[in-house]
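Chain by chain, the residues run as shown.
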Amino acid sequence: MSYDLIVIGTGPGGYVCAIRAAQLGLKTAVVEKRKSHGGTCLNIGCIPSKALLHASDLFEEAGHDFANMGITVSKPKLDLKAMMGHKTEVVDANVQGVAFLLKKNKVDAFFGTGTIEAAGRVKVTADDGSTQVLDTKAIVIATGSDVASPPGVAVNFDEKVVVSSTGALELGKVPNKLVVIGAGVIGLELGSVWRRLGAEVTVVEYLDRILPGMDAEVAKNFQRILEKQGVTFLLSSKVTAVEAGKSGASVTFEPVAGGAATVLSGDVVLVATGRRPYTDGLGLEAVGVAMDRGRINIDHHFQTNVPGIFAIGDVVRGPMLAHKAEDEGVAVAELLAGKAGHVNYDVIPGVVYTAPEVASVGKTEEELKAAGIAYKVGKFNFSANGRARAMRKTDGFVKVLADAATDRVLGCHIISAGAGDMIHEVAVLMEFGGSSEDLARTCHAHPTMSEAVKEAAMAVEKRAIHS
């Protein structure tokens, strides 16, 4: 069979790329190693974790906050099996939705391991060992990422006691003690799920802060919020060993600055120290595709050094985010169809789906200082927001960063319930090069949480009304 485009991997980047290419008239096929579409995100990542985050948040709210609003209920009982069933239903619906969309757009699907034999040829090896060769004008690699272990530490994932994010989404019971290695997005989200359901959670982190890469003030304040919720943090701690035992697992760590080692035991240990690009079995070395520290090198048009082979998503530079991969998928499909595809990497939001959420877009204060850019800060606390008070969701704030000379908004950072939705009005503003005054003069409905975004923009020029 011959195609205009073959996409290897049907995660968010891959299936979106394939659908957009088909919309533009390219004869397109996808190759998927799993038996279902959607990649890590839909099957064992973004979607199932959000299902459990939402369910566990409701469980905690019913048990701790309903009475404060005049709602009297008996103490909620956890049916973990049913909660996991809810998660499975959500995953199945999303996976089936992707399959429907691919079929609707006449994208051919091949299940098996895709190996690039040449710039225009992909061999697909099915689970039963049978193979078929597909010819194509272009190949897009969208194979995503896999779990990474702490540097220099051998970790044996049994996904029962020593778990990755995959196993942490499938636990059969709530652990009494959960040790999380890594204070990034994945560790904090999944740690939050099990903390709400009753686990004692301790997070061990190599750095002296949580959420590396996010605004430092935001990370510091968010850590305080999580500590009030009951999460314990052991920062500046280097993990040297992770071992499973008969009744749980242990983590050995020592101070980064030097000192005696400590052993911390738990019923379950979650290793959440990041992810690595997944390029196993693609045959990249044989066809000469250049790589750098595990990532595939691409130019500004997403093409590798081998003409006709492109790459997007977690296997290339930039944040490992599903929506970044989607935008790249659309862009490369449009470029292959002779149109102008583009991704603005300065305006890619990031969200931590805890309670409260943490959302960010654009530059942090640390990045602006390092670049020598003069800026102004506008900040507004949700404790002064009427809707937040009505909802008993007053933790957090909005911080807007604007260029000191032009007033152009360079970044925004939010801690709040619903922060992941609120961040997008700032993302749209930034795409159009808007200023803090543009945002401040835009009428916001009252009472809404989003009014805090307007007030933070007004605070850039020290004219916030409610603080």
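In this text the structure is predicted, and so the values were computed from the model without any measurement.

Participant: Residue-level account of the overall build of the chain, with values.
Facilitator: Tallying secondary structure elements over the chain gives 14 helices and 24 strands in all. On C-alpha atoms alone, the chain measures out to a radius of gyration of 23 Å, which is about the 23 Å that the 2.2 N^0.38 rule sets for 467 residues. Here the C-alpha coordinates of the chain stretch approximately 65 × 60 × 50 Å along the principal axes. Look at the contacts in the chain between residues 6 or more apart in sequence, and 62% of them connect residues 24 or more apart. For the chain, the accessible surface area stands at approximately 21300 Å², while carbon and sulfur atoms represent 52% of it. Positive and negative charge centroids in the chain, built from 48 and 53 side chains respectively, lie 2 Å apart.

Participant: I'd love a proper account of the packing of helix α1 (residues 12–23) against helix α9 (residues 322–336), names of residues and values included.
Facilitator: At a minimum axis distance of 7 Å, the contact between α1 and α9 shows a crossing angle of 30°. The pairing of α1 with α9 is recorded here as roughly parallel in orientation. Crossing handedness for the pair α1 and α9: right-handed. The segment α1 lies against α9, with Pro12, Gly13, Tyr15, Val16, Cys17, Arg20 and Ala21 engaging Ala322, Ala325, Glu326, Gly329, Val330, Val332, Ala333 and Glu334. When the residues that make up the contact of α1 with α9 are grouped by side-chain class, the tally is ten nonpolar, two polar and three charged.

Participant: Any chance you could break down the sheet that holds strand β12 (residues 237–245) for me, citing the residues and the numbers?
Facilitator: Spatially, three strands are ordered β12-β13-β14 in an open sheet, and the strand pairing comes out antiparallel. The open sheet has two edge strands with one neighbour each: β12 and β14 (262–266). Sheet twist, expressed as the average angle between the axes of neighbouring strands with direction ignored, equals 25°. Sheet analysis places strand β13 (residues 248–255) next to β14, joined by five bridges and oriented antiparallel. By the bridge assignment, Ala249 is partnered in β14 with Gly266.

Participant: Requested: an account of the side chain of Glu455, with residues and values cited.
Facilitator: Its location among the elements puts Glu455 in helix α14 (residues 451–459). Buried and unpaired, Glu455 has Lys454 as its nearest opposite-charge partner, separated by 7.6 Å. A distance of 2.9 Å separates a polar side-chain atom of Glu455 from the backbone nitrogen of Ile465. When neighbours within four sequence positions are excluded, Glu455 is seen to be in contact with Phe380, Ala464, Ile465 and His466.

Participant: Explain the side chain of Ser36 to me, using residue names and the numbers behind them.
Facilitator: In this structure, Ser36 sits in the loop between β2 (28–32) and α2 (39–44). Engagement of the side chain of Ser36 in a polar contact is seen with the side chain of Asn43, the distance being 2.9 Å. The contacts of Ser36, once residues within four sequence positions are left out, are Asn43, Val95 and Phe111.

Participant: Explain unusual backbone geometry to me, using residue names and the numbers behind them.
Facilitator: Following Ala355, the chain continues into Pro356 via a peptide bond in cis, with omega recorded as 0°. Note that Pro356 resides in the loop between β20 (350–352) and β21 (357–362). A cis amide bond links His446 with the next residue in sequence, Pro447, at an omega value of -5°. Take Pro447: it is sitting in the loop between α13 (436–440) and α14. Although it is not a glycine, Ser236 adopts a positive phi angle of roughly 50°. Along the chain, Ser236 falls in the loop between β11 (232–234) and β12.

Thresholds, definitions, all that
- Residues numbered from 1 in each chain as written.
- Predicted model: local features only at pLDDT ≥ 70, side-chain atom pairs only at ≥ 80, totals over all residues.
- Heavy atoms only, no water.
- Helix = DSSP H or I, 4+ residues; strand = E, 2+ residues; numbered from the N terminus.
- Rg over C-alpha atoms; globule rule 2.2 N^0.38 Å.
- Contact = heavy atoms within 4.5 Å.
- Areas by Shrake-Rupley, 256 points an atom, 1.4 Å probe, with all protein chains shown as cover.
- Lys, Arg positive; Asp, Glu negative; His and termini not counted.
- Charge placed at Lys NZ, Arg CZ, Asp CG, Glu CD.
- Axes fitted to C-alpha atoms, helices over the stretch in contact; angles between N-to-C directions.
- Parallel < 35°, antiparallel > 145°, perpendicular 65-115°, else oblique.
- Left-handed = near helix turned anticlockwise from the far one by under 90°.
- Nonpolar A, V, L, I, M, F, W, Y, C, P; charged D, E, K, R; others polar.
- Pairing = 2+ DSSP bridges.
- Buried < 20%, exposed > 50% of the residue type's maximum accessible area, 1.4 Å probe, protein only.
- Salt bridge = Lys/Arg side-chain N within 4 Å of Asp/Glu carboxyl O.
- Polar contact = N/O pair within 3.5 Å; in protein donor to acceptor, adjacent residues only side chain to side chain.

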